[in-house]
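# What the coordinates show
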Amino acid sequence: MSTQGAALRIAISAEGPDLQAKVGDRFGLSQYLVIVDSETMAFEAVPNPGASGQRGTGIQAVVLAISKNVNTVLTGSMSPTAKRHLSANGIEVLTGLCGTVAEVVEKYKKGDLQKHGGVGRKPEARGAEIDKVALVHALRSSANQFAHLLPILVGVVLLIGIFKAIVSKDLVSSIFSGNTAWDTLWGACFGSIVAGNPINSYVIGGELLEYGVSLFAVTALIIAWVTVGLVQLPAEMAALGRRFALVRNAVSFALAIAIAIFTVVVLNFVTR
Amino acid sequence: MWMLLFLASVLAIYGILFAVMPDKASMALRISGHVFLNIIVPLCVVFILMVVLNLFLKPAHIARFLGKGAGIKGIVLSVAAGIISTGPIYAWYPLLKELREKGAGDFLIAIFLNNRAVKPFLLPIIISYFGWTYVLILTVCTILGSLPVGYAVDAAVKEKTDLSSHI
């Protein structure tokens, strides 16, 4: 099947950086990914950044395979999550393999692996079948996304109910006084502290609007909700550096206020 | 798990409220029901949009073009990557770190992060609350606003690198 036609880029998890290296038992933890051209057998050995075995290692090998534009991954074993990510990106996955890199590539080229115990599926299957598979996958991912979004949204809406039933409009207007600058600042502060799916910011913002809070404040809240994140600041600093995270959040905070004012002024001008 | 914990805490608050102020509690429930009724149709559209986007966009494909390309092309690709990216931000940090180590610029990474504020599949909800015109202006401003953030981050990180290379 896949061995005919254009050359394929095959990534094999390996214990060493050459064709004679043993195939790695675990995709996420193998020392190298050896990427072989199926036609010329030219290869490139890339160290696996996740070989250390620390948290999130599996996904690093997945990112590596995707960024190297490989067509197929051959390995000993792989987590279902990693397999799903690779398959979703059109990469064929075959597991349960052992031997040397050169051996498994040869077997793959002969089509032996696909006949015996090839576990992955080829996403480039034909016609209606692929459409059905893709649709089922899309439905499953969406249901999963939705299931993650819904409990918080339901909780937020129930809290809005309590808020509206108990907190008086006078109390709200004592915080959001009608002063554009202060209201926008408070909105941006609230949006920076709280994090999560932006759908919650739309619902909260929309309901606050009905409560008499200005659109300036609500807009600043919506923008800062995603662009500024005090809760995830430590994670951002760890990933991208302290200076990057601090400057990005500080500038985004100031910009949330500026964009909120600009948006509402333009809106008022357009809808006048 | 913590999502369910949040919901359970809210339900516990309702339990207490029903015991202490039953009239307020039933009023709160009525108001919440009303809010649900308002968002139920947009929510259904959100689900359909999610399916359509999941069908045609593969989130991990974003890794292929984020941080690549220079000039306007690089900016457009990073903006697009931010807009179509889904999932919690935590899931993206390891990937961004990886891309940065491979040479993706801070400018483009900051642009990607700020454009995550534009969520195509949530458009039905935000439009139902605020209207088309507002959403259009806000979206354009968010996209354009990501550029100064990118420049500021890039300049600040470069300045630090320059300083440390002089020491």
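Structure first, text after, so check above.
Overview of the structure. (Residues numbered from 1 in each chain as written. Chains lettered and ligands numbered in written order. Predicted model: local features only at pLDDT ≥ 70, side-chain atom pairs only at ≥ 80, totals over all residues. Heavy atoms only, no water.)

## A few points about the sheet that holds strand β1 (residues 9-14) of chain A
All names here are of chain A. Condition: We treat two strands as partners when DSSP finds at least two bridges between them. A run of H or I in DSSP becomes a helix once it reaches four residues, and a run of E becomes a strand once it reaches two; helices and strands are each numbered from the N terminus. Only the contacting stretch of a helix is used when fitting its axis, a line to C-alpha atoms as for every element, and angles between N-to-C directions run 0 to 180 degrees.
With respect to topology, 5 strands assemble into an open sheet ordered β3-β2-β1-β4-β5, the strand pairing being mixed. Of all strands in the sheet, those with a lone pairing partner are β3 (43-47) and β5 (92-94), marking the two edges. Going across the sheet, the axis of each strand differs from the next one's by a mean of 20 degrees, ignoring polarity. Across 5 bridges, the pairing between strand β2 (residues 32-37) and β3 is antiparallel. Note on β3: the bridge partner recorded for Y32 is P47.

## Observations concerning the pattern of salt bridges
Residues and elements named next belong to chain A. Filter applied, for reference: Throughout this description, the term salt bridge denotes a Lys or Arg side-chain nitrogen within 4 Å of a carboxyl oxygen of Asp or Glu.
The tally for this structure, following the rule as stated, stands at 7 salt bridges over all chains. The residue E106 makes a salt bridge to K109 at a minimum N-O spacing of 3.8 Å. One end of the pair is E106 and the other is K109, both in helix α3 (residues 101-110) and 3 residues apart, which spans about a single turn. A salt bridge links K164 to E207, with the nearest nitrogen and oxygen atoms 2.7 Å apart. Of this pair, K164 sits in helix α5 (residues 127-166) while E207 sits in helix α8 (residues 198-210), placing them 43 residues apart in sequence. In this structure, a network of salt bridges that share partners links the residues R9, E44 and K68.

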